[in-house]
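Next come the chains, spelled out residue by residue.
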Amino acid sequence: MADRKTSPTTKKSATKKGASIIGTGGEVHQASSTAEERLTTNHGVPVSDNQNSLRGGRRGPTLLEDFVLREKIQHFDHERIPERIVHARGSGAHGYFELTDSLAKFSRARILTEVGARTEVFVRFSTVAGGAGSVDTPRDVRGFAVKFYSKEGNWDLVGNNIPVFFIQDAIKFPDLIHSVKMEADRGYPQAASAHDTFWDFVGLMPESTHMIMWVMSDRAIPRSLRMIEGFGVNTFRLLNDKGEATFVKFHWRPKLGTQSTCWDEAVKIAGADPDYHRRDLYDAIAAGNFPEWEFGVQLLSQKQADALPFDILDATKVIPEELVPIRVIGRMVLDRNPDNFFAETEQVAFLPTNIPPGIDVSEDPLLQGRLFSYQDTQLSRLGTVNFHQIPVNRAKGCPFQNFQRDGHMQTEAFSGRANYEPNSLADTGEAGGPREDPKGGFRSFAVPLGDTKVRLRSETFADHYSHARLFYRSQTEIEQAHLASAIVFELSKVALDHIRARVLANLRNVDETLASRVAAGLSVELPSASSPAAEPRDMDASPALRIVGKYPDTLAGRAVGILVTDGADGAVVAKTVSSVEAAGATAKLIAPKVGGVTLKNGKLLKADMQLAGAPSVLFDAVALIVSKDGCEQLLKEAAAVDFCRDAFGHLKAMGHTPEGQPLLDKAGVVPDAGVADISKGHDAFLKAASTRQWAREPTIRNLA
Ligand code: HDE
C-alpha cells in the first residue's frame, strides 16, 4: 500500500519548486512542476485552478458542472464526525511501552511476560464533561486511555486519572452524564460540574460520594497531562498458563510527579490559554522532553480479595497501596506527536474489550456495561463496522484475519473464495483461511456463577461512605482545605437549597468536620445526617492518596516566565535562563513588546511572548528582571501588576532584581521564603520554584 502518511501537497510546499504564474483573471497561481506535487481531486484528476469556481462569464453564476468545486465543498461539509458523548476533548500522543518485570507467574500475555520488549502505544488524554471545543482546565476527571499494539492483538487500557468512579452499575451512566453535561433546557454550563443537575444526582446517589472527594480534590485540576497518575479503575483478571486467575488493578505513575493548579489559576488559564494542556503535551514532545510513566499492578488472589472488608468488583472502592502494594513492571514513554489530529486523536477508538489472551475482565457491573458501550459508540462516531481498519486502530503488532467481510468503508480486498469457517477449500489447494487456536487464543476465566437472574445490587456494595472518609482523612491539611473549598464553590453555584442540604446531609457520614466546614463556607445550617445504607467504618489512613508530599519536589518539566524590560541586566537574565534550564525547566522571556528589549549593555534581547498574552498563570514560577525606568513603566500596566499579584496568589516562587520592588509592592507581594532576590544568586529561587509556597496560602486566601 502506498505510504499515506503524508500527502504531497502538505509535506512539500508547492512554492519551493513551483513557479508563480498569472492566471487568466490576473490572479496569482502557484503552479506545480511535477506530477508528484500536482493538486488533484479525490479521484486523481489534476486541478488547473484552485482559486476560481467555474462560472457563466466572469461576473456570472456558478455552474453545477463544476465538479472540482462541488467535491471540495461537499467534503468540507462532512468533515466533522459526531464528537464523543463523553471525553470529547482530548489530546493524543504516540510512544512505547517497555516491560521491566515479568508477570509470567500470573499471566500468559506476551506483553506482560517479555521483559525488555517494546510495544508501540497510542495514548489519548481527555476531559469528560466538556465538548470537543471546550477548554483544557475545568475541574473534571481526566481520561487516560492507552492502546498497546501488542503482538497478540490490541490491548486498550481505558482508564482515568482517578482510581474510582461515580457509580457502581453501568445502567446509571447515562443519568450521571446527563446530569453533569449542559442542562437540557438552557444548554449551559459547558464543561462544569458546578450546577444544580449534577449535584442533584450526586445527593440522590450516595455511591458517588467517594468519587466526589477525588473530583473536589486538586487531582481534578492538574497542572499538566504529563503529571497525572492513571488507573484502570475496574478490577481485571490475569490468567496464567495453567488457567489460574489473579485479580489485578492497573496503575500509571508519572515520572515528573503529580502537581496541580490552584482553582483560581485553573479558571484564569481557561481564558489565557484554552489549549493549555494540549499545547503543553505537544510542546514537550516536540522539544524532546518525553513524558514518562511507570506502569504498576496490584495483584490479589481470590482469597485476599475475599478477606477485604469491601468488594473489589465495586468500582467506587480503592484498594489502598498500603494494603496491597503496587508492583512496578514497566514504563511508558510518549515520544511522538500525531501527524494529524483528526486521523489519529479524533478517530482513535478505544475498547475495553480489546484484551489479549492472559488478561480477562471481572464481573464488575460497571465494566460489564462498558464492554458493550465502546464498540457501540464507535459505530455512531466512525460510522462503520470497519473502524478497526483506520490506521490508528489497526492491530499493528500482529495481523488480523477472520471471515468478516464487506460493510461500509471496507478497505481490504480479501482474495479467494473462503469467507466462511469451517471450509475444506485448503484440501483442493485453495486458501482456506485462518483457523481457531484453542491453545493460544483468548479464553475467559471459568467463573462459577450459579446464581438466580436478578436486578439487584449486591449487599457487599452497600457501604458508600467508608472510602470517602478514608480519602478525606488521608489528605494533608492543605488538601483537605482545598477539597472543602471546592465543594463550597460548587454548591455556591447550586441554586436550589434542597439540593445543597441533601449533599450536606450525606457529607456528615463522611466526616463531621468536613460537613461543618462546608456548611460554614456556605453560611447555611447543617442538616441532620442522612441514613447510610451501611454504617461507615474507619480505615487506616493511606498517605498514597495524597498529592502533596507524595512525589519529590522538582522543577523538571515545568516552565518559568521571566519578565524583562528595557535596561534590564543581561547577565542576570542569562544566568536565570541557564539555571532554570539546568534544572530541567523551560524558560520563557516575556516583554512589554514581543520584539524584545534593549538591555543595559545596549544589546537587543528578543522576547518569546508579549506581556498581555503571557499572564503568570501559564508558568510554574516567575522572575522579574527590570530596570528602574522599566519598572516605572510597568507600574502603569495592569497586566504587569496582575502578573505579580497572581503569581503570589497562586503560591509561586518569585525571583526579582531590587529594581522590581515597586512593582511587587504595588501587587501586594509580601516577602516570604518564596520571594527571592536573584541579583546575587539563584539557589533560593530555584529551591522555592520546585514546589508551591503552601505556607503562604493562609495569608492570602480564606479557605473553608
Ligand atoms: Fe467510558 N466511555 N464509560 N469510562 N471512557 C467512553 O467511548 C462508558 C468509564 C473512559 O480517549 C465512550 O469511545 C460507560 C470508566 C475514557 O477515546 C463511551 C461507562 C472509565 C474514555 C463510554 C463508562 C472510563 C471513555 C465515549 C459506565 C475509567 C475516552 C467515546 C459503565 C476506567 C476514550 C468512546 C478516548 C469513553 C462509555 C465509565 C474511561 C460512551 C457506559 C469507569 C478514558 O463508550
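The structure displayed is predicted, hence computed values, not measured ones.

A short note on helix 8 (residues 276-286)
An α-helical segment advances 3.6 residues per turn. Residues three or four places apart therefore align on the same side.
Point 1. For helix 8, the complete set of buried residues consists of Tyr276, His277, Asp280, Leu281, Ala284 and Ile285. Around the axis of helix 8, the buried residues are gathered within 150 degrees of arc, so they sit on the same side.
Point 2. Where helix 8 is buried, its residues contact strand 3 (90-99), strand 4 (118-127), strand 5 (142-150), helix 7 (263-272) and strand 11 (327-336).
Point 3. Count one or two residues on from helix 8 and you reach glycine 288, which has phi positive near 85 degrees.

Overview of the coordination of the iron atom of the ligand
Point 1. What the protein offers the iron atom of the ligand as a donor is a single atom, Tyr374 (OH), at 1.9 Å.
Point 2. Take tyrosine 374: it is sitting in helix 11 (residues 365-382).

Some remarks on the sheet that holds strand 14 (residues 586-591)
Each strand in a sheet pairs with its neighbour through backbone hydrogen bonds, running either in the same direction (parallel) or in the opposite one (antiparallel).
Point 1. Ordered in space as 17-14-13-18-19-20, the six strands form an open sheet in which the pairing is parallel. Edge positions in the open sheet fall to strand 17 (609-610) and strand 20 (675-677), since each of these has one partner strand only.
Point 2. With four bridges connecting them, strand 18 (residues 621-625) and strand 19 (residues 653-656) associate as parallel partners. For valine 622, the partnering residue across the bridge sits in strand 19 and is methionine 654.

Overview of the environment of glutamate 490
Point 1. Position of glutamate 490 among the secondary structure elements: in helix 13 (residues 477-492).
Point 2. Take glutamate 490: its relative accessible area is 2%, and that puts it in the buried class.
Point 3. Distance from glutamate 490 to alanine 673, taken between C-alpha atoms, is 32 Å for residues 183 residues apart in sequence.
Point 4. Not counting residues up to four positions away in its chain, the partners in contact with glutamate 490 are Arg139, Ser193, Ala194, Trp199 and Met216.
Point 5. A distance of 3.2 Å separates polar atoms of two side chains, one belonging to glutamate 490 and the other to tryptophan 199.

Some remarks on the nonpolar core
Here is a general trend for soluble globular proteins: nonpolar side chains tend to be buried in one another's company.
Point 1. Phe166, Trp199, Met213, Leu507 and Val518 are the most contacted members of the largest nonpolar core, which totals 52 residues.
Point 2. For this core, the secondary-structure elements that each account for two or more residues are helix 4 (173-180), helix 5 (196-204), helix 6 (209-215), helix 12 (466-474), helix 13, helix 14 (497-510) and helix 15 (512-522).
Point 3. With six residues, helix 13 is the largest single contributor of residues to this core.
Point 4. Inspection of this core shows a minimum of three residues originating in each of domain 1 (81-196 + 213-393) and domain 2 (462-545).
Point 5. Discounting chain neighbours no more than four positions away, the residues touching methionine 213 are Ala468, Phe471, Tyr472, Leu483, Ile487, Leu507, Val510 and Leu514.
Point 6. Core analysis: the second largest hydrophobic core is formed by 36 residues, Leu103, Leu157, Val248 and Met332 among them.

What about the site of the ligand?
Point 1. Around the ligand sit 22 residues in total, of which Arg84, Arg124, Ser373, Tyr374 and Gln378 are the nearest.
Point 2. Interatomic distance of 2.7 Å between a side-chain N/O atom of arginine 84 and an oxygen atom of the ligand.
Point 3. With respect to the ligand, the side chain of histidine 87 contributes an N or O atom lying 3.4 Å from a nitrogen atom.
Point 4. Listing elements by their share of the shell around the ligand, those giving two or more residues are strand 5, strand 6 (153-160) and helix 11.
Point 5. When residues in the shell around the ligand are grouped by element, the largest group, six residues, is from helix 11.
Point 6. Classifying every residue of the shell around the ligand gives 11 nonpolar, eight polar and three charged.

Quick notes on the pattern of salt bridges
Point 1. Within this structure, the stated rule accounts for 45 salt bridges.
Point 2. Arginine 237 is the partner of glutamate 363 in a salt bridge, and the nearest nitrogen-oxygen pair spans 2.9 Å. Here arginine 237 lies in strand 8 (residues 236-239) and glutamate 363 lies in the loop between strand 12 (359-361) and helix 11, a separation of 126 residues in the sequence.
Point 3. Taking the relative accessible area as the measure of exposure, arginine 237 reaches 3% and is therefore buried.
Point 4. A salt bridge links arginine 253 to glutamate 294; its shortest N-O distance comes to 3.5 Å. Of the two residues, arginine 253 sits in strand 9 (residues 245-254) while glutamate 294 sits in strand 10 (residues 292-300), which places them 41 residues apart along the sequence.

Brief notes about the domain arrangement of the protein chain
Point 1. Domain boundaries assigned for the protein chain yield domain 1 (81-196 + 213-393), domain 2 (462-545) and domain 3 (559-700).
Point 2. Counting the surface lost from both domain 1 and domain 2, the interface buries some 2100 Å², and carbon and sulfur atoms represent 62% of this.
Point 3. Of all residues in domain 1, Asp196, Met213 and Met216 give up the largest surface area on contact with domain 2, accounting jointly for 32% of the area buried on that side.
Point 4. In this assembly, domain 1 and domain 2 are joined by 10 residue pairs in polar contact (both at pLDDT 80 or more).
Point 5. Within the side of domain 1 that touches domain 2, the residues separate by chemical class into nine nonpolar, five polar and seven charged.

Section: the side chain of aspartate 136
Point 1. By the element assignment, aspartate 136 lies in the loop between strand 4 and strand 5.
Point 2. Aspartate 136 sits in the buried class, given a relative accessible area of 5%.
Point 3. Separated by 2.7 Å, the side chains of aspartate 136 and arginine 89 make a polar contact.
Point 4. The residues contacting aspartate 136, other than those within four sequence positions of it, are Arg89, Thr127, Arg142, Pro274, Asp275, Tyr276, His277 and Arg278.

The rules we used
- Residues numbered from 1 in each chain as written.
- Predicted model: local features only at pLDDT ≥ 70, side-chain atom pairs only at ≥ 80, totals over all residues.
- Heavy atoms only, no water.
- Buried < 20%, exposed > 50% of the residue type's maximum accessible area, 1.4 Å probe, protein only.
- Helix = DSSP H or I, 4+ residues; strand = E, 2+ residues; numbered from the N terminus.
- Arc of directions from axis to C-beta.
- Contact = heavy atoms within 4.5 Å.
- Donors = N, O, S within 2.8 Å, 3.2 Å for Na, K, Ca; no water.
- Pairing = 2+ DSSP bridges.
- Polar contact = N/O pair within 3.5 Å; in protein donor to acceptor, adjacent residues only side chain to side chain.
- Core = buried A, V, L, I, M, F, W, Y, C linked by side-chain atoms within 4.5 Å.
- Domains from an automatic or database assignment.
- Near = heavy atom within 4 Å.
- Nonpolar A, V, L, I, M, F, W, Y, C, P; charged D, E, K, R; others polar.
- Salt bridge = Lys/Arg side-chain N within 4 Å of Asp/Glu carboxyl O.
- Buried area = accessible area lost by both parts, 1.4 Å probe.

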